[in-house]
Amino acid sequence: MTHEPDFNELTAFVERRLDDADRERVIAHLSTCRTCREVVAALTTTLESRVPTVPAWSRRTGVMALAAMLVVVVVVVGVMSGRRTALETRPPDSAAPAPTERPATPSPSAPSERPLPGGTPVQPGISPREDLQRLRGAERQVGGKTFRFIAGEWVDAAYDPLQARSVIAAASPSERADLLRRVPGLKPYAALGARVTVVFEGTVYKLGG
Amino acid sequence: MPDDPKDQDRLAADLSVLVRQRARIRFSISAGDFVAHLLGQPAFSASADPLAHARSLHLDDLYLATACVQQDEAAWAECGRDHFDFMRDFAGRFLPRDPAREVTDSVIADLWRRGKLARYGGRSSLRTWLGAVTAHAALNAAKAHRRSPNAPEASDRPHAEQRTDEGRPEQQESARLLSGLVAEVIAALDPEDRLLLLLHYEQELPLERMAPLLDTSKATLSRRLKRIRADMRQTLERLTMQRYGSSTTDVRKALDLGDVEFDLSRLLRGTGNVNGSGGDAV
């Protein structure tokens, strides 16, 4: 006898958007229904798990390549004009929404109120803006991984936006805390700063908040 | 849903604010109409906190889907631009190109002509939901093709899909008996343990893919799988002693079978009958 899956429940399960009671119920069903397991398995190997915080256009063109080009252009302009150029840290949802997706994160606070990325303590006598410039293009090694500071975010060198991997995003502080509780292996990478993209055990984690 | 009309008006106003924040109102359906549509959904009337429920939804995707259901052509064009190529590519993971395209076109036709897009509830992204619908249709088409007279001979199929009715009669009987025992042991597992086992051995999901799904780490899953297999061995041992008066090892030697891990994988993917209450037989 064929069973017609409840796609709303299965997809909410895959995207981890169910409450505990619903999640238990779906797990109990999946443990007895091969049809639904096949759908979940198919989705798990292919799709993003959460609405991404990076607009679709930047995934398609490659965040790292584009950001690297911007760094080069800004440095060249700064050297030629003899003026310091501010690095505008792009908050999680400030870019125009992607055609089908709208990030749900709240607006960021003003730059002067935000903590420095990387948790780097502000050097006495140096403004946060100057510290950001110092971090631009910086590299850090954490747990055998290399991270580069690009557009206000620490990005794992292993991250390829064009590769088909599950993506789990934590946009708010509470989501971030919840994710770190559930996946404690992410904690060393989360300590890098407010915004981190890391590839961990085959899944891309985008930590904001 | 509140009973007091004043509370209902307040809810509608709050929903209207939320909708304008989270959805781009760009089609013929207005924000007010969309809010009215949301309030008419069973999930809202059943929810103790409709506003919290609304906040948990992908409102922009739901707005797009609602406009499509109301036959807004601009909405349908946007849906097509954003999702139809993905659906075709996704179906191509399970079927050759031409059948994949046929299946996807059939899914798209159902979504438009039969209004099946109305079933999208907004709890996940529209992309994931469409992926699920496409995967289900493609997997069904692949199964139907394998069952058809035109399907390749059994010997051409991957080994895991070959039926256990190959080999000597006593091996066939042995495999059937073991299959039954293993199915019994699996059916007695805790649901999450059973799901872990089936996702790994039947669906061949690697542990790193399963870890986020089951809200845990790969290392924890690995330990858990080890524990489950050890428990299963003990239970199998007990059952074979009870039923055949010999240990599992002796039974396996006598029946000329491989080790539990290999059988588990082959049994669950190609031939296993894992049945529990509800759902369909595997």
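In this text, all values refer to a predicted model and were calculated from it rather than measured experimentally. (Residues numbered from 1 in each chain as written. Chains lettered and ligands numbered in written order. Predicted model: local features only at pLDDT ≥ 70, side-chain atom pairs only at ≥ 80, totals over all residues. Heavy atoms only, no water.)

(A) Examining the overall build of chain B more closely. In terms of regular secondary structure, chain B is built from 14 helices and 0 strands. In sequence order, the secondary structure elements of chain B are arranged as α-α-α-α-α-α-α-α-α-α-α-α-α-α. Residue pairs in contact within chain B that sit at least 24 positions apart in sequence constitute 63% of those at least 6 positions apart. Summing over all exposed atoms, chain B offers an accessible surface of approximately 14,200 Å²; the carbon and sulfur share of this is 48%. (Helix = DSSP H or I, 4+ residues; strand = E, 2+ residues; numbered from the N terminus. Contact = heavy atoms within 4.5 Å. Areas by Shrake-Rupley, 256 points an atom, 1.4 Å probe, with all protein chains shown as cover.)

(B) Representation of helix H7 (residues 97-113) of chain B within the structure. Residues and elements named next belong to chain B. The end-to-end C-alpha separation of H7 is 24 Å, in line with the 24 Å expected for 17 residues at 1.5 Å each. Of all the positions in H7, only Ala 100, Val 103, Thr 104, Val 107, Ile 108, Asp 110 and Leu 111 are classed as buried. One face of H7 carries all of its buried residues, which in axial projection span an arc of 160°. Of the residues in H7, the exposed ones pointing more than 90 degrees away from the buried face are Asp 98, Glu 102 and Arg 113. On its buried face, H7 sits against helix H6 (73-91) and helix H8 (126-147). At the C-terminal side of H7, Gly 115 shows a positive phi close to 60°. (Expected span 1.5 Å × (residues − 1). Buried < 20%, exposed > 50% of the residue type's maximum accessible area, 1.4 Å probe, protein only. Arc of directions from axis to C-beta.)

(C) How the structure looks around the confidence of the model for chain B. Residues and elements named next belong to chain B. On average, chain B scores 82 in pLDDT, and the residues at 70 or more come to 78%. Of all secondary-structure elements in chain B, the lowest mean pLDDT belongs to helix H14 (residues 260-271), at 57, while helix H5 (residues 59-69) reaches the highest, 95. Under a pLDDT of 50 for its full length, residues 153-165 has, in the predicted model, 17 contacts with residues more than four places off or in other chains. In this model, residues 256-262 is a region of pLDDT below 50 whose contacts with residues beyond four sequence positions or in other chains number 17 contacts. (pLDDT = per-residue confidence, 0-100.)

(D) Focus on helix H7 (residues 173-182) of chain A. Residue and element names in this part refer to chain A. Every buried residue of H7 is accounted for by Arg 176, Leu 179, Leu 180 and Arg 182. Burial along H7 is one-sided: seen end-on, the buried residues are contained in an arc of 160°. Facing away from the buried side of H7 by over 90 degrees, the exposed positions are Pro 173, Ser 174 and Arg 181.

(E) Inspection of the environment of A:Ala42 at higher detail. With respect to the helices and strands, the residue A:Ala42 is situated in helix H3 (residues 34-44). Not counting chain neighbours up to four residues away, the residues in contact with A:Ala42 comprise B:Phe90, B:Phe94 and B:Ala135.

(F) Layout of the packing of aromatic side chains. Inspection of every chain in the model, using the stated rule, returns 10 aromatic pairs over all chains. Seen from their ring centres, A:Phe147 and A:Tyr189 are 5.7 Å apart, and the 35° between their planes marks the pair as tilted. Residue A:Phe147 is found in strand E2 (residues 145-150), and its partner A:Tyr189 is found in helix H8 (residues 187-190); the two are separated by 42 residues along the sequence. Per residue, the accessibility class of A:Phe147 equals that of A:Tyr189, and both read buried. Geometrically, the ring pair formed by B:Phe34 and B:Tyr63 is edge-to-face, given 5.3 Å between the ring centres and 75° between the ring planes. Linking B:Phe34 in helix H2 (residues 31-39) with B:Tyr63 in helix H5, this pair joins segments that are 29 residues apart in sequence. Assigned by exposure class, B:Phe34 and B:Tyr63 land together as buried. Ring pairing ties together the aromatic residues A:Phe147, A:Tyr189, A:Phe200 and A:Tyr205, which thus form one cluster. (Phe/Tyr/Trp six-rings, centres within 6.5 Å; stacked < 30°, edge-to-face > 60°.)

(G) How the structure looks around the pairing of strand E1 (residues 139-142) of chain A. Residue and element names in this part refer to chain A. Alignment of E1 against E2, held across 4 bridges, turns out to be antiparallel. Counterpart to Glu 139 in the pairing with E2 is Arg 148. Joining the antiparallel neighbours E1 and E2 is a turn of 2 residues, in which Gly 143 adopts a positive phi near 55°. (Pairing = 2+ DSSP bridges.)

(H) Geometry of the environment of B:Leu196. Residue and element names in this part refer to chain B. Tracing the backbone through its elements, the reader meets Leu 196 in helix H10 (residues 191-202). Residue classification places Leu 196 among the buried positions, given a relative accessible area of 0%. A C-alpha to C-alpha distance of 9.6 Å links Leu 196 and Ala 211, two positions 15 residues apart in sequence. Look past the residues within four positions of Leu 196 in its chain and what remains in contact with it is Met 210, Leu 214, Leu 221, Arg 224, Leu 225 and Ile 228.

(I) Structural detail: the pairing of strand E5 (residues 196-200) of chain A. Residue and element names in this part refer to chain A. Counted residue by residue, E5 has 5 buried out of 5 residues, so it is predominantly covered. Of the two faces of E5, the one carrying Val 196, Val 198 and Phe 200 and the one carrying Thr 197 and Val 199 are both buried. Taken together, the 2 bridges between strand E3 (residues 153-156) and E5 define a ladder with parallel strand orientation. Bridging from a neighbouring strand, Trp 154 pairs with Val 196 of E5. Note that E5 and strand E6 (residues 203-207) share 5 bridges and pair antiparallel. By the bridge assignment for E6, Thr 197 is matched with Lys 206. Where E5 folds back onto E6 in an antiparallel hairpin, the turn is made up of 2 residues, including Glu 201, whose phi is positive at roughly 50°.

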